[in-house]
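# Commentary on secondary and tertiary structure
So you can see what is in the structure, the chains are spelled out below.
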Amino acid sequence: MAKVIVVTSGKGGVGKTTSTAALGAALAQRNEKTVVVDFDVGLRNLDLVMGAERRVVYDFVNVVQGDAKLPQALIRDKRLETLFLLPASQTRDKDSLTPEGVERVINELKRHFDWIICDSPAGIERGATLAMRHADMAVVVTNPEVSSVRDSDRIIGLLDSKTAKAERGERMEKHLLLTRYDAKRAERGDMLKVDDVLEILSIPLLGIIPESMDVLRASNIGAPVTLADSNSAPASAYFEAARRLAGEVVPVAIPSEKRGLFGKIFGRRAA
Amino acid sequence: MGYENLTKMTKVLTDARSIRLKGRSFLAVVLSPDLPLDEWLARLDSLASRSAGFFLGRPVVLDLTDLKIDRPTLKDLIAELGKRNVSVMGIEGGRPSLFEPGMPPAMKGGRPASDFEVASDEPATDEAPATGGASTAAIATATPATQSIVIREPVRSGQSIIFPEGDVTVVGSVASGAEIIAGGSVHIYGALRGRALAGSVGNSNARIFCRKLEAELLAIDGIYKTADDMPANLRGQSVQLWLEGDAIMAEKLT
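One numbering rule holds for all chains: residues counted from 1, following each sequence as written. Labels are handed out in written order, letters beginning with A for the chains and numbers beginning with 1 for the ligands. Reporting of local features is limited, given that this is a predicted model, to residues whose pLDDT is at least 70; pairs of side-chain atoms are given and counted only at 80 or more, and all residues count toward the totals for whole chains, interfaces and linings. As a convention, hydrogens and water are excluded, and side-chain values are obtained from all of the structure's heavy atoms.

### Some points on the overall build of chain B
- Secondary structure assignment for chain B yields five helices and 16 strands.
- Looking at chain B as a whole, 35% of its 254 residues are labelled buried.
- Should any heavy atoms of two residues lie within 4.5 Å, those residues are considered in contact. Looking at chain B alone, contacts between residues at least 24 apart form 34% of all its contacts between residues at least 6 apart.
- Values of accessible area rely on a 1.4 Å probe in the Shrake-Rupley scheme; residue burial ignores everything except the protein chains shown. Surface exposure of chain B reaches about 15,300 Å², of which carbon and sulfur atoms provide 54%. Elements are defined by DSSP. Helices are runs of H or I of four residues or more, strands are runs of E of two residues or more, and each kind is numbered from the N terminus. The classification of residues rests on relative accessible area computed with a 1.4 Å probe and restricted to protein chains. Under 20% of the type maximum is buried, over 50% is exposed, and intermediate values are partly exposed.

Below is the structure:
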């Protein structure tokens, strides 16, 4: 049974695209057929993070408008044969997506894939509401700071009212993915604590992704962090999150600083 | 020309569709000016400067009950309010002689006043506001039972719960950027981080209760306090708030 997941946040720059790519690659590595869909028409980025920007011929808008067939637009990942990308168009805008067209494409994807992961654009307008419209489950990406938390709260309200599932009177499953978590700054009290964010948003925690240079390095080489450096701290956090998405019970550990004796000595001196 | 009119008429007569008229109630802010008007306007300006955009896009009703002003002064007042982007949708409690064409319509008890008021034989004296008061009282006694609604989920940022008919109870938190507007009291079994407006249709006995006070704005019967005005020792506490005169009182709940 195919599952449609929307990765959303309201606020921009919190890590939706990074998380879409990383979760997609992590699920695909479980040998489950996965497609990541870029809903950010006009400001597409998922193709870059997936390293597929030079292979885009047809895009989501072409398929929605009937100019291309779905298999023509899907791009298979070079590293993982279970991972696919449906890229957005860069030359169009969000008005090119129609509700009927999106529904048709999602239904077609459901016949071929186990996981359909929709990368939502920022904001609460048409693009974002279309991305969440047909989801079975939502991953709400939030940074531990007040503006991001408030925007996520707003998005949760929309998930509970504007989605097809909500309109049918069903409950949308929502999960919190806390990204760019910096253990050092949290200890100093410069950031919201995990408990504070959970208390405000009151949705279950899917995972905590530590702030790391590995994430930036991975997107610069055009690979999801779960493919580029699968042993890194953010990658293993994403792998655990993917297992939780698939229904496994994995306890969430709050990242703390791991420094050896040398690290402590030099770390102090450097500071 | 005549032919054209005729076809139009037959078209209307054969069209079976009726015109749909619907009643709808809106929550309006009521302003009650007092004399001297320039002082009152100065206070309004200071309120507006503290809470920018408070009147923006909100329907405003001018309550002139017991206010002794004449028609030119009222005209000036409406113009002054217009300059401040306060658009008056109706005037309540004004003597019929105050009105002239082009002014916002006369209203009574939140409903548009009937035409018969103007045609009555009584001279336009101070009696007119008195009858207005009596009719509002009659409306109030007609619906004595306090209604209430219960929200069983957290109220998220951007959502607003408006219930002029009575009490609002939220089992959960009210997020920053969310608002609860109740005609009666507001009860929040969770953290109040957004706005709570109790007694919004003029009920000074309304109260606000919350398990954890972190509100952006609190108001009872139009008297309001922003987060900056609240004493720091109440933050994060379980609190009830009520009105004594023009002051919002607060007490920690144990």
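### Some words on the nonpolar core
Residues and elements named next belong to chain A.
- Definition used in this section: a nonpolar core is a set of buried Ala, Val, Leu, Ile, Met, Phe, Trp, Tyr and Cys residues joined via side-chain atoms within 4.5 Å. Counting 49 residues, the largest nonpolar core has Val-35, Phe-39, Phe-60, Leu-86, Leu-97, Leu-109 and Ile-116 as its most contacted members.
- The element that contributes the greatest number of residues to this core is helix α7 (residues 146-159), accounting for five residues.
- Aside from chain neighbours lying at most four places away, what touches Leu-97 is Phe-39, Val-41, Phe-60, Val-61, Val-64, Val-102, Arg-126 and Leu-130.

### A few points about the interface of chain B and chain A
- With 14 residues of chain B in contact, the opposing surface of chain A contributes eleven residues.
- It is Arg156(B), Ser157(B) and Arg193(B) that lose the most area in chain B upon contact with chain A, and together they represent 56% of the buried surface on that side.
- The salt bridge criterion pairs a side-chain nitrogen of Lys or Arg with a carboxyl oxygen of Asp or Glu, the two atoms within 4 Å. The tally of links between chain B and chain A comes to five salt bridges.
- Its salt-bridge partner being Lys212(B), residue Glu199(A) comes within 3.3 Å of it at the nearest N-O pair.
- Of the residues that constitute the side of chain B that touches chain A, the class distribution is four nonpolar, five polar and five charged. By convention, the term buried area covers the 1.4 Å-probe accessible surface removed from two parts as they join, with the contributions of both added. In this classification, the charged set is Asp, Glu, Lys and Arg, the nonpolar set is Ala, Val, Leu, Ile, Met, Phe, Trp, Tyr, Cys and Pro, and all remaining amino acids, among them Gly, are polar.

### With respect to the UniProt feature "binding site: ATP" (unreviewed entry) in chain A
All names here are of chain A.
- As annotated by UniProt and renumbered to match this structure, "binding site: ATP" (unreviewed entry) occupies Lys-11, Gly-12, Gly-13, Val-14, Gly-15, Lys-16, Thr-17 and Thr-18. When the annotated set is filtered for residues lining the largest cavity, what remains is Thr-18.
- As for its placement among the helices and strands, Gly-12 is situated in the loop between β1 (3-8) and α1 (16-28).
- Relative to the helices and strands, Gly-15 resides in the loop between β1 and α1. UniProt positions are given in the numbering used here, feature names are shortened, and annotations may be inferred rather than shown by experiment. A pocket here means an open set of points on a 1 Å grid, computed over the protein atoms alone, that has protein on both sides within 12 Å along at least five of seven lines. A cavity is instead a set of points where a 1.4 Å probe fits but cannot get out; residues with an atom within 4 Å of a point line either one.

### Let's talk about the side chain of His175(A)
All names here are of chain A.
- Within the secondary structure, His-175 sits in strand β7 (residues 173-181).
- By relative accessible area, which is 13% here, His-175 ends up buried.
- For the purposes of these results, a polar contact is taken to be a pair of N or O atoms within 3.5 Å, where, inside protein, one atom must be able to donate a hydrogen and its partner to accept one; residues adjacent in sequence count only when each atom of the pair is a side-chain atom. Within polar-contact distance, the side chain of His-175 engages the side chain of Glu-173 at 3.0 Å.
- Sequence-distant contacts of His-175, that is, excluding residues within four places in its chain, are made with Met-137, Ala-138, Val-139, Val-140, Ile-203, Pro-204 and Leu-206.

### With respect to unusual backbone geometry
- Cis geometry is adopted by the peptide bond preceding Pro36(B), which originates at Leu35(B) and carries an omega value of -10°.
- Following the sequence through the fold, Pro36(B) ends up in the loop between β1 (29-31) and α2 (37-50).
- Look at Arg180(A): it is not a glycine, yet its phi comes out positive at around 55°.
- Within the secondary structure, Arg180(A) is located in strand β7.
- The phi torsion at Asp221(B) lies on the positive side, around 50°, for a residue other than glycine.
- Examined against the element boundaries, Asp221(B) turns out to sit in the loop between β13 (217-220) and β14 (223-226).
- Judged by its relative accessible area of 29%, Asp221(B) falls in the partly exposed class.

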